[in-house]
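# Topology and contacts: notes
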Amino acid sequence: MAFSSEVRTAANIAVVSDRVLITGCSTGIGAATAVLLAQRGKYVVATARHAETLRPLEEEARRLRATLFTTSLDVTGDASRRAAFHFAEEKLGGVDILINNAGYGQMGPVEEVPLELARAQFETNFFSLLAMCQLALPGMRARGRGKIVNISSIVGKISLPMGGVYSASKFAVEGLTDALRIEVAPFGIQVILILPGPIRTQFPRTAALSVEPMLPNLEDSPYRPWAEPMLAKWKSGKPRAGEQSAGICAQVIARAIDDPQPRARYLVTPRARFLYWAQKLLPDSTKDVLLRKLHHLRMKGATNL
Ligand SMILES: NC(=O)c1ccc[n+]([C@@H]2O[C@H](COP(=O)([O-])OP(=O)(O)OC[C@H]3O[C@@H](n4cnc5c(N)ncnc54)[C@H](OP(=O)(O)O)[C@@H]3O)[C@@H](O)[C@H]2O)c1
């Protein structure tokens, strides 16, 4: 456990409503959001599986003279989750804003993703997020205020080929969050979904790694013609079409948090907005053709898509 810029104590910040706990801050959206919120005067507990990955955030917070504490948290572990809330209680006196950001994309053709990898995907992206909400809510209800921000994805609204399991986990986050928002509104708690499109982070690299256990089978896989180019693209580190920075996503999250009447969903990137409206307005048959085209999936025997 480490902390930086400890300029305030639990005793003198117990009255504020700006105490943030955020998961998955080693890189990407989590790291950018933790720093931005601390910079804007929030009291932040930034967490990651390995505490040493949070050192750069501590240094940045020190430089900005912002309040940011760090502690390790593997969201899949019950003891680890409880310890993180205990830490936030000790350092800040509670959590007013929970940001469930930790997550990754388990990729691969639906037919070939091993069940244990699909279960692990749901454990991190869905069950852990649910458990974090359950730990945060009693304190928020007791105080009659609080915000939960769940980082979903545009693929929680529109499922893309080779990402069925990841999409399913984010659809589950969407379903859970829509019910939660209505359930806890009477207690003064607001629940917000963030739906990023492509954001420049470690996400594609981790997605490529997630396919590695399937690679020996991919050699003979009927999906190889489509899976291989996608894998190569993720591995290459080249920017994806329409990609935006983690900082842009952090700004949307910060805006949603500061809005006294936040929307239920915030779309991040023009690509996310395009896919969101395509999903809403296009018939399934047209949408499927569009997605096959985008992902270069040729129908058997067809000369075009
Ligand atoms: N980047 C995109 O294009 C994009 C688009 C839509 C949605 N999202 C969502 O945005 C969120 C953040 O992803 P990102 O783009 O910032 O990717 P990232 O750079 O790969 O960061 C993911 C973060 O999640 C953490 N994490 C993974 N499993 C964890 C666990 N069991 N316990 C605690 N932390 C864990 C990672 O920690 P380690 O360093 O320890 O692995 C890392 O800090 C994810 O929920 C993702 O699904 C991303």
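Right, let's walk through the structure included here. (Residues numbered from 1 in each chain as written. Predicted model: local features only at pLDDT ≥ 70, side-chain atom pairs only at ≥ 80, totals over all residues.)

## Focus: the overall build of the protein
Selection criterion: For the purposes of this entry, the term helix denotes a DSSP run of H or I that reaches at least four residues, the term strand denotes a run of E that reaches at least two, and both are numbered from the N terminus. The quantity called the radius of gyration is restricted to C-alpha atoms. Its globule counterpart is 2.2 Å times the number of residues to the power 0.38. Three exposure classes are used. Buried residues have 20 or more other C-beta atoms within 10 Å of their own C-beta, exposed residues have 12 or fewer, and partly exposed residues fall in between, all C-beta atoms being placed from the backbone. The contact criterion used is a C-beta to C-beta distance within 7 Å, with each C-beta placed from the backbone.
If you tally the helices and strands in the protein, you get twelve helices and ten strands. In terms of overall dimensions, the protein is globule-like: its C-alpha atoms have a radius of gyration of 20 Å, near the 19 Å expected for 305 residues. Summarising its shape, the C-alpha atoms of the protein cover approximately 70 × 40 × 30 Å along the three principal directions. Looking at the protein as a whole, 39% of its 305 residues are labelled buried. Long-range contacts, defined here as pairs at least 24 residues apart, represent 74% of the contacts in the protein between residues at least 6 apart.

## Quick notes on the packing of helix α5 (residues 115-143) against helix α6 (residues 164-184)
Threshold: Axis angles are defined between N-to-C directions and span 0 to 180 degrees, where every axis is a line fitted to C-alpha atoms and, for a helix, only to the segment in contact. Put simply, angles under 35 degrees are roughly parallel, angles over 145 are roughly antiparallel, angles from 65 to 115 are roughly perpendicular, and the rest are oblique. Whether a crossing is left-handed or right-handed is set by the direction in which the near helix is turned from the far one by less than a right angle, anticlockwise for left-handed and clockwise for right-handed. In this classification, the charged set is Asp, Glu, Lys and Arg, the nonpolar set is Ala, Val, Leu, Ile, Met, Phe, Trp, Tyr, Cys and Pro, and all remaining amino acids, among them Gly, are polar.
Where α5 meets α6, the closest approach of the two axes is 8 Å, and the angle between their N-to-C directions is 15°. One finds that α5 runs roughly parallel with respect to α6. Relative to α6, the crossing made by α5 is right-handed. Of the residues in α6, those in contact with A118, Q121, F122, N125, F126, L129, L130, C133 and L137 of α5 are V165, Y166, S169, K170, A172, V173, L176, L180 and V184. When grouped by side-chain class, the residues that make up the contact of α5 with α6 number 14 nonpolar, three polar and one charged.

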